[in-house]
Amino acid sequence: MVGRSRRFALADTAQQIVGGFLLAGPFVVTDEVWGLAVGMSWYQAAVTVGIVLAVGYGALYKADDDRDPDREAEVGGVPLRFLSLIAVSYLSVGILALSFDAPATLIPNHVDPPVPMREQVYITLKAMSVGSVFSVIGAATADSVF
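Residues numbered from 1 in each chain as written. Predicted model: local features only at pLDDT ≥ 70, side-chain atom pairs only at ≥ 80, totals over all residues. Heavy atoms only, no water.

As annotated in an unreviewed UniProt entry, the protein is DUF2391 domain-containing protein from Halobaculum roseum.

**Quick word on the pattern of salt bridges**
Short version of the rule: Within this document, salt bridges are pairs made up of a side-chain nitrogen of Lys or Arg and a carboxyl oxygen of Asp or Glu, the two lying within 4 Å of each other. Put simply, DSSP H or I for four residues or longer makes a helix, DSSP E for two residues or longer makes a strand, and each gets a number counted from the N terminus. Relative accessibility under 20% of the residue-type maximum defines a buried residue, over 50% an exposed one, and the middle range a partly exposed one, all with a 1.4 Å probe and only protein chains included.
Taken as a whole and assessed by the stated rule, the structure comprises 4 salt bridges. Across the salt bridge formed by arginine 67 and aspartate 143, the nearest N and O atoms sit 3.5 Å from each other. Taken together, the residues span a long stretch of sequence, with arginine 67 in the loop between α3 (42-62) and β1 (74-75) and aspartate 143 in helix α6 (residues 117-145) at a distance of 76 residues. The burial state of arginine 67 is the same as that of aspartate 143; both residues are buried. The shortest N-O distance in the salt bridge between arginine 81 and glutamate 72 comes to 3.1 Å. In this pair, the class of arginine 81 matches that of glutamate 72, namely buried. Three or more residues are tied together by salt bridges with common partners; here these are Asp12, Arg67, Glu72, Arg81 and Asp143.

**What to know about the packing of aromatic side chains**
Each aromatic ring pair is summarised here by two numbers: the centre-to-centre distance and the angle between the ring planes. Defined as follows: Only the six-membered ring of Trp is used, alongside the rings of Phe and Tyr, when aromatic pairs are assigned; centres must lie within 6.5 Å, and planes under 30 degrees apart are stacked while those over 60 apart are edge-to-face, with the rest tilted.
Inspection of every chain in the model, using the stated rule, returns 4 aromatic pairs. Between tyrosine 57 and phenylalanine 82 the ring centres are 5.7 Å apart and the planes differ by 80 degrees, which places this aromatic pair in the edge-to-face class. With tyrosine 57 in helix α3 and phenylalanine 82 in helix α4 (residues 80-99), the pair connects residues that are 25 residues apart, well separated along the chain. Residue classification places tyrosine 57 among the partly exposed residues on the basis of a relative accessible area of 29%. One aromatic cluster in this structure is built from Tyr57, Tyr61 and Phe82.

**What to know about the nonpolar core**
In plain terms, the rule: Nonpolar cores are built from buried Ala, Val, Leu, Ile, Met, Phe, Trp, Tyr and Cys residues. Side-chain atoms within 4.5 Å join them into one set. Contacts are assigned to residue pairs with any non-hydrogen atoms lying within 4.5 Å of each other.
In terms of nonpolar packing, the biggest core is built from 18 residues, with Val28, Trp34 and Ala102 touching the most fellow members. Of all the elements in the fold, those that place two or more residues in this core are α1 (10-28), α2 (31-39), α4, α5 (102-106) and α6. Ranked by the residues each element gives to this core, the list is headed by α6, at 4 residues. With residues up to four places along the chain from it excluded, the contact list for valine 28 reads Trp34, Val93, Leu96, Ala97, Phe100, Ala102 and Leu106. Judged by nonpolar contacts, the second largest core, of 12 residues, contains Val52, Ile86, Tyr90 and Ala139.

Here it is, written out as structure tokens:
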């Protein structure tokens, strides 16, 4: 649809979900990602969040000339499409991690048990930040292509 702004719809979120889950899957079950998460500090996790936001925004609005963030529906001044993309990116990684029981299975490979629940949650959030870097690429690509 060249020259026209396409409205954000539920079908766009569905496309994002397919792309987000597709690229998140291999990273959720990779022991190396969980090893990285164990070794990451809070500021490194914050940098990955920044990367997800930058890549997501760039993929939606800078790589696609047909989209204008100023002409899309917003929530609190942020385009709804972008909010959906970020939510899908993190939730797809989190859902897969918990579905596969990745924290309980992979964290003990890098930390001596017993691992307190608070530490498991912290490591899982860091692993989600790593996996979301890839999930956002899949989600944005699926949203842009279809």
